[in-house]
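Residues per chain, in single letters:
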Amino acid sequence: MKTIARRVLAGAALMAALAASSAYAQQQQTIRIRGPIQTVDGSTLTVKAGEAGDLKVKLADNVAVFGVVKASLADIKPGAFIGVGATPQADGSQRAIQIMIFADVQRGTGEGHRPWDRPNTTITNATVDQTVAGVDGQVVTVKYKDGEKKIIVPPEAVIRAYMVGSKDEIKPGANIMIVRATKQPD
């Protein structure tokens, strides 16, 4: 996992999501934090978060740490749980921009289909049903609780995978991304 920490984001992902119930998390304002860790003082980090400046982050006792590694189309297999950022197509399919393959312990995270954080895009977190070669790229069918989507994966789509990490990787210099940090008054 050391190489993962050097090469890519070492994320304290899902910190607030694992620490609080979903009903409580929906009531609280959450923010996404990403950037290099400047200092670590016990369970408090200082993160250089771009335009937001230096932010103090208090980690939950049960923080889940994941690294992110480069993956390929061959890693997307039936039964895998993935997140697909995509552009909707006229025929109802989705053209993938990026795909994240979740670690098994993340199965079900954010399951469903909804708008993404980029203009005119969607995010679909779902289980891979099948993959087949298509004219415009690989076609992946995913299923989630309330539906299914056909995903076209062009050669330029970025594919990455989460790897389970450890708290030891949370140290100065490591890049971090916290998906849902609960914003406190201070």
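Above this text is the structure in question.
Source: prediction; values computed, not measured.

Caption draft 1: Representation of the sheet that holds strand S4 (residues 54-58) within the structure. Taken together, the 4 strands give an open sheet; going across it, the order is S4-S3-S2-S13, and neighbouring strands pair in antiparallel fashion. In this open sheet, the two strands that pair with only one neighbour each are S4 and strand S13 (175-182). Sheet twist, expressed as the average angle between the axes of neighbouring strands with direction ignored, equals 50 degrees. By the bridge criterion, 4 bridges tie strand S2 (residues 30-41) to strand S3 (residues 44-48) in an arrangement that is antiparallel. Across the sheet, residue Ile37 finds its bridge partner in S3, namely Val47.

Caption draft 2: Just the side chain of Glu169, in detail. Within the element layout of this structure, Glu169 appears in the loop between strand S12 (158-164) and S13. Here Glu169 occupies a buried position and makes no salt bridge, while the nearest side chain of opposite charge, Lys171, is found at 7.3 Å. Of the polar contacts made by the side chain of Glu169, one reaches the backbone nitrogen of Ser166; its length is 3.0 Å.

Caption draft 3: The packing of aromatic side chains, seen in detail. Applying the stated criterion across every chain, the model contains 3 aromatic pairs. Considering the side-chain rings of Phe102 and Tyr162, the 5.5 Å spacing of their centres and the 35 degrees angle between planes classify their relative orientation as tilted. One end of the pair, Phe102, is in the loop between strand S7 (94-101) and strand S8 (112-115); the other, Tyr162, is in strand S12, and 60 residues separate them in sequence. Of the two residues, Phe102 and Tyr162, both sit in the buried class. Ring pairing ties together the aromatic residues Phe66, Phe81, Phe102 and Tyr162, which thus form one cluster.

Here is what the cut-offs are and how they apply
- In this numbering scheme, every chain counts its residues from 1 along its sequence in written order.
- A pLDDT threshold of at least 70 governs which residues receive local features in this predicted model, and a stricter bar of 80 or more applies before side-chain atom pairs are shown or counted, although totals over entire chains, interfaces and linings include all residues.
- As a rule here, side-chain values come from all non-hydrogen atoms in the structure, and water together with hydrogens is ignored.
- Strand pairing requires that DSSP identify at least two bridges connecting the strands.
- Working definition: helices are DSSP H or I runs of at least four residues, strands are E runs of at least two. Numbering for both runs from the N terminus.
- Lines fitted to C-alpha atoms define the axes here, with helix axes fitted over just the stretch in contact, and angles between the N-to-C directions of these axes take values from 0 to 180 degrees.
- Here the term buried applies to any residue with accessible area under 20% of the maximum for its type, exposed to any over 50%, and partly exposed to those in between, with areas from a 1.4 Å probe on protein chains only.
- Under the convention used here, Asp and Glu are negative, Lys and Arg are positive, and both His and the chain ends fall outside the count.
- The rule for a salt bridge is simple: a side-chain nitrogen of Lys or Arg has to be within 4 Å of a carboxyl oxygen of Asp or Glu.
- Any N or O atom pair separated by 3.5 Å or less is treated as a polar contact, with the protein-specific requirement of one donor-capable and one acceptor-capable atom, and with residues adjacent in sequence counted only for side-chain atom pairs.
- We call Phe, Tyr and Trp rings a pair once their centres come within 6.5 Å, taking the six-membered ring for Trp, and we label the pair stacked below 30 degrees between planes, edge-to-face above 60, and tilted otherwise.

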